[in-house]
Structures are given as structure tokens and as C-alpha cells.
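Listed here are the chains, written in short residue letters.
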Amino acid sequence: MRKTKQIFALALALAACVVGVHAADTSPSEPASSWQSQAQKEIKANNYSAAISTLEAANQSNSADWHNLLGYAQRKKSPPDLAAAERFYQAALKIDPKHRGALEYYGELLLMKNDLAGAEQMLARLDKACVFSCEEFRDLKEAIARFKSKK
């Protein structure tokens, strides 16, 4: 009976770890704030200029998520500002070197600049940042595969 309880406790602990990993894959590295929620809504609506305005007004330069969202909006707006996006991704990674969103998006930006080696470096960093495979790793890996198939 004691052995059964130990096995059950171990199974519960393992399940909690798996759930925790999944939740971390989908949530930002910091608690969501009003500026973050608003910017994410604007990005989802493809309103990148509004997202940039929201983020600039919030001026959260100590936040890796803030830099990541600004980088994403700069990269996705028309026309994209790749130099600005790159600066924001680099700033996010300086604050949080394992920021999965910034690693993925910076890798995608590098592919836009035809820098396959740089994108593969971001993929390698994502591989280390993800305990088990994570969505950001899979997405960048797929983007790299598409890039290679076009060559």
C-alpha cells in the first residue's frame, strides 16, 4: 500500500510538471498588464501601428515582453522596419536570454534577411530554452524548413 501511495504521488508530481510546462509555453514571461493585453489585441487584429502606439505610450523598457511585442509589430507592419524590430528583439534577449517569443521571432526576422545561420542559432537557443519541445521551437523549425525548401 505504501508503494502505491509513493507511485501515485510521483505520478501527480510528474503531471503537475507537464501542466506547468504547457502553461509556460502559452503565457508571457511576465504577468499580463493592460498595455500588454491591449497591444496583443491590436496585433491580433493586424493593427500594428496601433500596437506600436500602445506600447510606446506604456514605455516599459525594462520588460522583455514589451520589447518582443514592439519588435513583432515593427516586423509585421507595412512596410516592415526590420532594423527597429531587430533592436527590440535584441533588447528583449538582453533582458531575458531565454525569452522564447523573442528567440522565435528574431529567428524569423533573420530568415527575412536571408541569414539562415543566424536563424539556426536562434533555433539552437530555443532548443535549450524549452524543457521539452515548445510551440516557439516547432514554429521556427518549420519556418527554417520552408526557407531551405525555397533555396
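Residues numbered from 1 in each chain as written. Predicted model: local features only at pLDDT ≥ 70, side-chain atom pairs only at ≥ 80, totals over all residues. Heavy atoms only, no water.

Colleague: It is not clear to me how the packing of helix H7 (residues 116-129) against helix H8 (residues 135-150) should be interpreted in this structure. Could you clarify?
Modeller: How two helices sit against one another is set out by the angle between their axes and by the gap between those axes. Closest axis-to-axis distance for the H7/H8 pair is 9 Å, and the angle between their directions is 155°. Judged by the inter-axis angle, H7 sits roughly antiparallel to H8. Crossing of H7 over H8 shows left-handed handedness. Every residue of H8 that contacts H7 at Leu116, Ala119, Glu120, Met122, Leu123, Leu126 and Asp127 is listed here: Glu136, Phe137, Leu140, Lys141, Ile144, Phe147 and Lys148. (Axes fitted to C-alpha atoms, helices over the stretch in contact; angles between N-to-C directions. Helix = DSSP H or I, 4+ residues; strand = E, 2+ residues; numbered from the N terminus. Parallel < 35°, antiparallel > 145°, perpendicular 65-115°, else oblique. Left-handed = near helix turned anticlockwise from the far one by under 90°. Contact = heavy atoms within 4.5 Å.)

Colleague: Quick question: what am I supposed to make of the pattern of salt bridges here?
Modeller: It is possible for side chains of opposite charge to pair when their charged atoms get near one another. Following the criterion strictly, the structure yields five salt bridges and no others. Here Arg75 ties to Glu108 by a salt bridge, and the two come within 3.1 Å at their closest N and O atoms. Here Arg75 is found in helix H4 (residues 64-76), whereas its partner Glu108 is found in helix H6 (residues 100-112), with 33 residues between them in sequence. Per residue, the accessibility class of Arg75 equals that of Glu108, and both read buried. Between Glu86 and Lys113 there is a salt bridge whose closest N-O contact spans 2.7 Å. (Salt bridge = Lys/Arg side-chain N within 4 Å of Asp/Glu carboxyl O. Buried < 20%, exposed > 50% of the residue type's maximum accessible area, 1.4 Å probe, protein only.)

Colleague: Honestly, the environment of Glu108 in this entry has me stumped. Any pointers?
Modeller: Glu108 sits in the buried class, given a relative accessible area of 18%. Placed 36 residues apart in sequence, Glu108 and Ile144 show a C-alpha to C-alpha distance of 8.1 Å. Glu108 has contacts with Arg75 and Leu140, leaving out every residue within four places of it along the chain.

Colleague: Explanation requested: the packing of aromatic side chains in the structure shown.
Modeller: Describing an aromatic ring pair means giving the distance of the ring centres and the angle of the ring planes. This structure, assessed with the given rule, holds five aromatic pairs. Centre to centre, the rings of Tyr48 and Tyr72 are 6.5 Å apart; their planes meet at 65°, and the pair counts as edge-to-face. Of this pair, Tyr48 sits in helix H3 (residues 48-58) while Tyr72 is found in helix H4, placing the two residues 24 residues apart along the sequence. Taken individually, Tyr48 and Tyr72 each receive the classification buried, so the pair is uniform in this respect. Seen in terms of ring centroids, Tyr72 and Tyr105 are 4.7 Å apart; in terms of plane orientation they differ by 50°. Their pairing is tilted. On the criterion of sequence distance, the pair formed by Tyr72 in helix H4 and Tyr105 in helix H6 is long-range, its members being 33 residues apart. (Phe/Tyr/Trp six-rings, centres within 6.5 Å; stacked < 30°, edge-to-face > 60°.)

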